[in-house]
Amino acid sequence: TMARIYKQKTKTKGFSYYFIIELGKDNTGKRNRIKRGGFTRRKDAEKAALELEAAALSGKVIKQNTSITLHYFMWNVWLEYHRGFVKQSTAWHIESILRRIDCFFSSDVKLVDVTPQQCHLFIKHMFIKQKLSRRVVIETFNILKAVFTHAIKVEKILSANPCENLSIPRYSAKEKEAQILVDANKILYIEKDDLEKFFIQAKSDKYAFPYYTISLIMLYTGMRIGEVLGLQWEDIDFENNIIHIRHDLFCPGALDWVLQTPKSKSSIRDVLISDKLALILKSYRKQFLEFKLQSPTWDQLQYNFIFSSFKYPGQPLARQNVYWWVTRIAKKINALYIHPHLFRHTHVSLLAEAGVPLPVITERLGHASTKITEEIYLHITKTTKENYLHKFNRIVENL
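Residue numbering note: each chain is counted from 1, following its sequence as written. The predicted nature of this model means local features are confined to residues of pLDDT at least 70 and side-chain atom pairs, given and counted, to a pLDDT of 80 or more, with totals for whole chains, interfaces and linings taken over all residues. Side-chain numbers here rest on the full set of heavy atoms in the structure, without hydrogens or water.

Thoughts on the overall build of the protein chain
And then number 1: Helix and strand definitions here come from DSSP, where helices need a minimum of 4 consecutive H or I residues and strands a minimum of 2 consecutive E residues; each element is numbered from the N-terminal end. Within the protein chain, the regular secondary structure consists of 15 helices and eight strands.
And then number 2: The buried share of the protein chain, reckoned over its 399 residues, is 45%.
And then number 3: Any two residues whose heavy atoms approach within 4.5 Å are treated as being in contact. Once local pairs closer than 6 in sequence are excluded, the contacts in the protein chain between residues at least 24 apart make up 62%.
And then number 4: Working definition of accessibility: Shrake-Rupley area with a 1.4 Å probe, residue cover restricted to the visible protein chains. Of the roughly 22500 Å² that the protein chain leaves accessible, carbon and sulfur atoms contribute 52%. For every residue, the accessible area (1.4 Å probe, protein chains only) is compared with the maximum for its type, and the residue is labelled buried under 20%, exposed over 50%, or partly exposed between those bounds.

Regarding empty space enclosed by the protein
And then number 1: As defined here, a cavity is a set of points on a 1 Å grid over the protein atoms alone where a 1.4 Å probe fits but cannot get out. A pocket is an open set with protein on both sides within 12 Å along at least five of seven lines, and residues line them when an atom is within 4 Å of a point. Grid points are joined across faces, edges and corners, and a volume is the space filled by probe spheres set on the points. Summed over the entire model, instances satisfying the criterion amount to one cavity of 30 Å³ or more.
And then number 2: By volume, the largest cavity is sized at about 40 Å³.
And then number 3: As for the largest cavity, its lining consists of Tyr-189, Ile-190, Lys-192, Leu-195, Thr-346, Ser-349, Leu-350 and Glu-353.
And then number 4: Mapped onto the lining of the largest cavity, the elements with two or more residues apiece are α7 (192–203) and α12 (341–353).
And then number 5: It is α12 that provides the largest number of residues to the lining of the largest cavity, a total of four residues.
And then number 6: Think of it as three bins: nonpolar holds Ala, Val, Leu, Ile, Met, Phe, Trp, Tyr, Cys and Pro, charged holds Asp, Glu, Lys and Arg, and polar takes everything else, Gly as well. Looking at the lining of the largest cavity residue by residue, the class counts come to four nonpolar, two polar and two charged.

Looking at the sheet that holds strand β5 (residues 242–245)
Hydrogen bonds between backbone atoms are what pair the strands of a sheet, whose relative direction is either parallel or antiparallel.
And then number 1: Think of it this way: DSSP has to see at least two bridges between two strands before they count as a pair. Pairing in this open sheet of three strands is antiparallel, and the strands run β4-β5-β8 from one edge to the other. Each edge of the sheet is formed by a strand with only one pairing partner; in this case those strands are β4 (236–237) and β8 (269–272).
And then number 2: Of the strand pairs in this sheet, β4 and β5 are connected by two bridges, and their pairing is antiparallel. Its bridge partner being in β5, Asp-237 is matched across the sheet by Ile-242.

Below, the structure written as structure tokens:
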């Protein structure tokens, strides 16, 4: 026989089978082979292999595999193809969406057997059983739809997309009222009183190093937390008071991280910093060097990260550690709404009060989309008519 059957572990518990048929070489000398997978039983793989062999020997056109499961196709065909076009952090996020799809569709359901009715029930399941937000439901549904599109246009397994003519149910009157209430009470940035209380508490906290400096950088520059944690010492130009933003740290685990490009093209930028922040960073550098000297097990990486892990010195600091510390301080001052990304929004609000034009703010923040920036800017400028530059300087002077 020309076919060989292989067994492999699946993403979930269990195994699946695939086969490879060798058909010799073509006129150019290139190996001609067929690979099909996603079979839950060995005998199914053997049967499909025999059928393909017979078709190949008779010279007939070989049909695409119709026994492949939705699970296998999502993970081993669609995702593997898709990985080549997205960042690692995006791929990791997509994996979490595929796991959500797996929770509804059984692992042995065939790709060709999925119906529009099942996809509709899946949408209802996400809303009613899982109680997911509309944004998450739409995102998940679009991924499932993209999987079927790939099966049609690239792999030629399907002729129709079961998600094609489905839509997400509209907001009910009750949901609309609830959303209006949420939007009305949404806190866009940190209020000045809470901002001052936060940094007074933060400065004296026993875990202030290095989190106090991280929070100040986010406030003074509007940088994203991943951009701050991805900073290396060569990214700071003390002579010209500039921070070069070239990386974003994605860190799903303690030693499982990747240094990738920032969120968008506009996110790769140079940010001018004040003399005050430059002094803060120089002071922090002294603390950093002392910490490095006291860490004999320092990992000598190719990256000289400004913010290092305590448990694994030399490795980058994980963002969940920053979240832990910021929420710890927020709790102490009874301002539970404060989280790291809010410093970026607060930077926008303070610049708006200082009279800085919106295009300058969006360029400084490296925004591809200005929706949230515009929302904050309009909120501030609507109620502000005087020049707040002096007030901005006074607010951050003693932080």
